[in-house]
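The residues making up each chain are set out below.
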Amino acid sequence: MRTRGTFVTLAAALGAALVWAPSAFATIAPTPDSTWQTNGRVIAIAVSGNTVYIGGSFTEVEDHTGQTAVRNHVAAFNVSTGAVTSWDPNASSTVRAIVVSGSTVYLGGDFTTLDGKNRKRLGSVTTSGTVTSFKAQADASVFGLAMIGSTVYAGGNFTTINSTARTRLAAVDGTTGALVTGWTPSADDEVTSLAAATDGSKVFVGGLFSHIGSSSQNHVATLNPSTGATLAWAYHPSYPVEGMTATSSSLFLAGGGSGGRVGALSASSGALQWEISVDGNVQGVAVTGSELVAGGHFDNVCNPGTNCQSPIVRHKVLAANVTTGALDTGWHPSVNSSLGVFGVAATSTRVMIGGDFTKAGGLDQAHFAQFSVS
């Protein structure tokens, strides 16, 4: 752990001021581990045990010696060694969301087949690589997945699941893919991301929408996992939400729109805890220990209302204290490319990012990078 003076943007409820505040941080390595890479964009990342699953628009993976392997839109790497595994679901198009439950890996995206089997935009594969009998056919893209118990929740741009009307939100049985009857919330615009409350009491939903059904729910909503009813929520951001992750105490948001935002809300009430402003969309957020890691298209942390005068440089990734939002001044591995990062995941020992980049922390590392945490 280290303690530093840090520059932080706090929410209006906490004074809306830029302040210097000491804060303890985990130590995230400044350069990535040596792992296999991909030949195209990585969008979705999920970790289970010693395996990291990645999805995107890539068609091949490669190590640093030039050895390659075909992996269409989805792959798995060993976290400890960084090597590709034999797991190969062979998705026919882009994979945009991944959630793992036990020995099953659920996938969402644009694909219509997995390993040659008909699986329209939703499907699952065992951790040993076999496509399961789970079948929930969506008529358009799935962008977000979450799971509570044996139920899979999906969000995206679809209007039907299994030929039954479901507007951008659906709940299906995790074994069969059959629709959960009675769970029928509808969003009036794209749903980009979902997260489950750690106690299973809520499904958090983020996106471009302004209403869930007839209820005003700007960009963030919390839904009853059994009925789909909207629940009381204190703060609805003005910016579209591109990604989210939840802990027992907070819901963290990746925001876009004019500039970008990283937001922390109370997981129980939705009260705003803090916000950080940046100069480009934030696409993903994840928590490791006391730190929130955010990735996106930004290059600077900004003072709100100043048109990003006196910026703090953070090329595509940043880390901040989960409680206060204080910026970690000691970790800023530059990530290249114009759009940078699309996906973020973390465990207590690793931070993973995926996107368009070919360099991270000054090293050649294409589209996927993994940083050790101590």
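Residues numbered from 1 in each chain as written. Predicted model: local features only at pLDDT ≥ 70, side-chain atom pairs only at ≥ 80, totals over all residues. Heavy atoms only, no water.

## What about the sheet that holds strand 3 (residues 37-38)?
Here is step 1: Taken in spatial order, the 3 strands make up an open sheet running 3-6-7, and their pairing is antiparallel. Unpaired on one side and paired on the other, strand 3 and strand 7 (68-70) mark the two borders of the sheet.
Here is step 2: Both strand 3 and strand 6 (residues 60-62) contribute to a ladder of 2 bridges, which runs antiparallel. Bridged to Q37 within strand 6 is E62. (Pairing = 2+ DSSP bridges. Helix = DSSP H or I, 4+ residues; strand = E, 2+ residues; numbered from the N terminus.)

## Focus on the pairing of strand 15 (residues 151-156)
Here is step 1: The element strand 15 is extensively covered by neighbouring structure, given that 6 of its 6 residues are classed as buried.
Here is step 2: Burial along strand 15 is two-sided: the residues T151, Y153 and G155 and V152, A154 and G156 are all buried.
Here is step 3: By the bridge criterion, 6 bridges tie strand 14 (residues 142-148) to strand 15 in an arrangement that is antiparallel. Paired with G144 across the two strands is G155, which belongs to strand 15.
Here is step 4: Between strand 14 and strand 15, which pair antiparallel in sequence order, lie 2 residues; one of them, G149, sits at a positive phi of approximately 60 degrees.
Here is step 5: Sheet analysis places strand 15 next to strand 18 (residues 169-173), joined by 5 bridges and oriented antiparallel. Residue pairing for strand 18: A154 is matched across the bridge by A170. (Buried < 20%, exposed > 50% of the residue type's maximum accessible area, 1.4 Å probe, protein only.)

## Comments concerning the pattern of salt bridges
Here is step 1: Within this structure, the stated rule accounts for 6 salt bridges.
Here is step 2: For the salt bridge of D299 with K316, the shortest nitrogen-to-oxygen distance reads 2.8 Å. Of the two residues, D299 sits in the loop between strand 29 (291-296) and strand 30 (300-302) while K316 sits in the loop between strand 31 (312-313) and strand 32 (317-321), which places them 17 residues apart along the sequence.
Here is step 3: The shortest N-O distance in the salt bridge between D364 and K359 comes to 2.4 Å.
Here is step 4: Looking at D364, the relative accessible area reads 49%, which means it is partly exposed.
Here is step 5: In this structure K359 comes out as partly exposed when scored by relative accessible area, which is 37%. (Salt bridge = Lys/Arg side-chain N within 4 Å of Asp/Glu carboxyl O.)

## Focus: the sheet that holds strand 5 (residues 51-56)
Here is step 1: With antiparallel pairing, 3 strands are arranged side by side in an open sheet as 4-5-8. Here the strands that pair on one side only, and so sit at the sheet edges, are strand 4 (42-48) and strand 8 (74-78). In this sheet, adjacent strand axes meet at a mean angle of 20 degrees when their direction is disregarded.
Here is step 2: In this structure, strand 5 lies alongside strand 8, joined through 5 bridges in antiparallel fashion. Its bridge partner being in strand 8, V52 is matched across the sheet by F77. (Axes fitted to C-alpha atoms, helices over the stretch in contact; angles between N-to-C directions.)

## Structural notes on the state of the cysteines
Here is step 1: Within the structure shown, the criterion is met by 1 disulfide.
Here is step 2: Shown here is the disulfide that connects C302 with C308, its sulfur atoms set 2.0 Å apart. Because the sign of the S-S torsion sets the handedness, a value of about -75 degrees for the bond joining C302 and C308 places this disulfide among the left-handed ones.
Here is step 3: Here C302 falls in the buried class, since its relative accessible area comes to 7%. (Disulfide = S-S within 2.5 Å.)

## Details of the pairing of strand 10 (residues 104-109)
Here is step 1: Most of strand 10 is tucked away: 6 of the 6 residues are buried.
Here is step 2: The alternating pattern of strand 10 places T104, Y106 and G108 and V105, L107 and G109 on opposite faces, both of which are buried.
Here is step 3: The sheet contact formed by strand 9 (residues 95-101) and strand 10 spans 6 bridges and is antiparallel. In the strand pairing of strand 10, V99 is matched with Y106.
Here is step 4: What sits between the antiparallel neighbours strand 9 and strand 10 is a turn of 2 residues, in which G102 has the positive phi angle 60 degrees.
Here is step 5: Two elements, strand 10 and strand 13 (residues 122-126), share 5 bridges in a ladder whose sense is antiparallel. By the bridge assignment for strand 13, L107 is matched with G123.

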